[in-house]
Structure formats: structure tokens, C-alpha cells
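Listed here are the chains, written in short residue letters.
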Amino acid sequence: MAPVESRGPCYIGLPMPTLRSVPALASACATAACCVAGPLAAQGRIFPDAPRFELPWASPRTWGFAGRYLHVSTADDRFGPGTEAEVVEGENFPVYAFRRGPLPITLGFGAAVVAHYRMDDPKTSQISDDWLVGINGQFTLSPRWTLVGEALHESSHLGDEYAQVFAADSALEHRIDWTRMTLNAWGFYSTGPWRLAAGLHYAYTDELHLPKGGVSVGADYKGPMFGFLGQRSQLVGGVFVDGAAETEWRLGKSARFGISFPDAGQGWRRLSLSVIGYDGPSTQRQFYTQQTAYVGMELRFDL
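Draft legend 1. Expanded view of the layout of surface pockets. Empty space within the largest pocket amounts to approximately 740 Å³. Looking at the largest pocket, it is lined by 29 residues, and the ones nearest its centre are Pro51, Glu54, Ser190, Arg195 and Lys222. Mapped by element, the contributors of at least two residues to the lining of the largest pocket are strand S4 (126–140), strand S6 (180–191), strand S7 (194–206) and strand S8 (213–222).

Given below as C-alpha cells:
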């Protein structure tokens, strides 16, 4: 019998207040499922040992666990320029393999919450939090080509502390209802250390009744392995550009460069430390009409 991989003990650290919503429960389920995916991966089609759906590396949105410390030069919220933190808690993983082997076809599930905090505010006020829950089908056509179809639910919430700080501004008393379902199609082409990506996006349902289309392109780089601090390491980087009709096709431009420490097995479980930068429409959905720009550091875990 083939040895069964064990991921060791797991701890789910979602604070209880976040369990008030369905997306929070989905995020908790995603975290719990990650803990059992390893042992089940070797047993069959459920939680298969197969590559998971990864957004372009420089995308501001990510499926993973990440902490970002940002210096904001162009602010999208009322705090203005300063320092902010962004915390991402979530994961995306395959749950069923329709076809196994070197060219798998898989059904995946992902859930994440993205929270923004003001670091130079005395209360470290929470500005907003965005929730993502989605399912995806990943089709590996060849060693070079992969296609992904995704249905993604999004919602966004204004932070209570932010609303209290700026309560005098009546415009901030009402949360923007960013409830929407988007349909996303991605194509990925890999050659050597490079992975090229292109995406098409359509808002199938949208409570704000905004224009519906969007496009994305990106390029990822993963360098050769080398030893660093006694660990397998590689340099990683990427650029990403996207535009959407709801922001009048103003382009969001982001870049990432850093070092990554992949595991010795599948390779998609990794710890990464990167320098990141972004300039474009706000990545906080509560402020989608505003512009922002920042540079910062990101510590990221892909499980």
C-alpha cells in the first residue's frame, strides 16, 4: 500500500464573531477540509493529489493565507495616505477528480475573507472586509495548457469602527451592497519558468446593477531551485493587469517579487515573502469608485 501523507495537527483560528455569515462558515469548512485533504489524497478521487486553481501570482486577490503591510500613497478611504494592513484567510483546493493522472480534470472549492485595517489609527480600525466563495472546474489539456471555469460569490462589508470614526459623514452610514455572482473563465499557458494567464469575467447577478464585463492578463515567474537557510528556495515574481466595466475600464496594475519556500512533495504548498505594489481602482469593494496606490510586504502561506 502506498504511504499516506499526513499534514500533522491543524488548528482553525477563525474568531467566533466572523461565524455570523454563510461565507464565514464556508471559510471555516475550507480550512477544516485542508486538514484532511492530505490523508485522503492518496485514496482516490475525493481530495485528489492534483494541482489547485491559482490566480496569477501578482493578483491583489489571492487564494491562500496572507498578511500584508502596506504604505498607501493614494487612499481609497477617508483615512487618507498612511499605513494599512490586509489579512487574507482562505484556500482553494480540488475536492473531486473526474480524471486523474498527469492531465487531471478536477472540481474545486474555495473560500476566503479579506480584511483591511488602518495601522496608524489609535484603534487600528477595521476599514472593510470582503468575502469570497466559489467553485471551479480545472481542465489540464496538456503540460502547457490549462483552462479554468469558475462561479464566484462576492460580498463586502463596511467596518463598524470605520463607520464610527466617520459617522459625521452621512454617506458612510450606508453600506454598499456588493452582493454579486461572477462567472470567470481563465486560460493558462506554461513554458519553462513562466506562466501566462488571461481571464474573462461577467457579473451574472449584481445588486448594484453595474456594467458587467471584465478582463485580466498576467505573467508569473518561478525560478530554479536553490538552497537558502537550509531550505529549498526559488525566486518568484509576477505582473498583473485587469480592467472592469464597473470601474469604467480604469486599469489596475500590480507587481510582486520575492522568495518562496516550496515543500518537497507537490510543490504548491509553500511559504513566500514578497514585495508587492498596486496602482488602480480600489481593491476594497466598499470603495470601488475610488483610486488607490500602495507598496508593501506580503507573507503568504499556500496550503
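There is more to say, and it comes next.
Draft legend 2. Representation of the pairing of strand S2 (residues 82–99) in the model. Counting buried residues along S2, 13 of its 18 residues qualify, which places the element largely inside the surrounding structure. Where S2 lies against strand S3 (residues 105–118), 14 bridges are found, and the strand directions are antiparallel. Of the residues in S3, the one forming a bridge with Glu91 is Ala111. Hairpin geometry of S2 and S3 is characterised by an intervening segment of five residues between the two adjacent antiparallel strands and by a positive phi of about 95° at Gly101.

Draft legend 3. Just the pattern of salt bridges, in detail. The final tally for this structure, using the stated rule, is 13 salt bridges. One salt bridge connects Glu84 with Arg118, and the closest N-O pair in it is separated by 3.4 Å. Note that Glu84 is positioned in strand S2 and Arg118 in strand S3, a separation of 34 residues in sequence. As far as burial versus exposure is concerned, Glu84 and Arg118 are alike and both buried. In this structure, Arg269 engages Asp263 in a salt bridge whose closest nitrogen and oxygen atoms are separated by 3.3 Å. The pair Arg269 / Asp263 is uniform in exposure class, with both members buried. When salt bridges that share partners are traced, they join Arg68, Glu86, Arg256 and Glu298 into one network.

Draft legend 4. Region of interest: empty space enclosed by the protein. Under the criterion given, the structure shown has seven cavities of 30 Å³ or more. In this model, the largest cavity occupies a volume close to 660 Å³. What lines the largest cavity is a set of 36 residues, and nearest its centre among them are Arg61, Glu154, His201, Asp242 and Arg285. Where the lining of the largest cavity is concerned, the elements lending two or more residues are strand S5 (145–158), S6, S7, S8, strand S10 (231–244) and strand S12 (270–281). For the lining of the largest cavity, the per-class residue count stands at 15 nonpolar, twelve polar and nine charged.

Here is what the cut-offs are and how they apply
- Residues numbered from 1 in each chain as written.
- Predicted model: local features only at pLDDT ≥ 70, side-chain atom pairs only at ≥ 80, totals over all residues.
- Heavy atoms only, no water.
- 1 Å grid on protein atoms, 1.4 Å probe; cavity = no way out; pocket = protein on both sides within 12 Å on 5 of 7 lines; lining within 4 Å.
- Points joined across faces, edges and corners; volume = space filled by probe spheres on them.
- Helix = DSSP H or I, 4+ residues; strand = E, 2+ residues; numbered from the N terminus.
- Buried < 20%, exposed > 50% of the residue type's maximum accessible area, 1.4 Å probe, protein only.
- Pairing = 2+ DSSP bridges.
- Salt bridge = Lys/Arg side-chain N within 4 Å of Asp/Glu carboxyl O.
- Nonpolar A, V, L, I, M, F, W, Y, C, P; charged D, E, K, R; others polar.

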